[in-house]
Amino acid sequence: MSDSIVFRVDKFVVPQGARDEFLQRVMATHEILRKQPGFIQDQLLEQVAGPGRYNIVTIAQWQSQAAIDAAKAVVMEAHKAIGFNAQETMQRLGIEGDIGNYQPIGG
């Protein structure tokens, strides 16, 4: 179903000490995403998850899976150009993530 609306939902559990660095990277990445073809809108959300922890959720709405795939390639190139490795950073900061694409029910 590459021609239907897709939501990219990323959920993270972030230690308080990693919050600022993590949010800075998320916001920079979303600045890139917002300029990509097929991008519709996004939301960056957070809640206190307990002492010293935050739940941070990003939701990006896309016109299609193909648009997500193309945008992912652009972001990966941008990260590579500055020597940023997302997996290493998440491990170093102690961030847990759950990432997936969702489609509207009944849509």
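Everything discussed here concerns the structure shown above.
This one's a predicted model, so the numbers in the text were calculated from it and none came from an experiment. (Residues numbered from 1 in each chain as written. Predicted model: local features only at pLDDT ≥ 70, side-chain atom pairs only at ≥ 80, totals over all residues. Heavy atoms only, no water.)

**As for the overall build of the chain**
Helix and strand counts for the chain come out as three helices and four strands. Walking the chain from its N terminus toward its C terminus, one meets helices and strands in the order β-α-β-β-α-α-β. For the chain, whose C-alpha radius of gyration is 14 Å, the value lies close to the compact-globule estimate of 13 Å for 107 residues. Along the first, second and third principal axes, the C-alpha set of the chain runs to 40 × 35 × 20 Å. (Helix = DSSP H or I, 4+ residues; strand = E, 2+ residues; numbered from the N terminus. Rg over C-alpha atoms; globule rule 2.2 N^0.38 Å.)

**What about the pairing of strand E2 (residues 39-50)?**
As judged from the ten bridges shared by E2 and strand E3 (residues 53-62), these two strands associate in the antiparallel manner. The residue bridging Asp 42 from the neighbouring strand is Ala 60, located in E3. Between E2 and E3, which pair antiparallel and follow one another directly, the connecting turn spans two residues, one of which, Gly 52, has a positive phi of 75°. (Pairing = 2+ DSSP bridges.)

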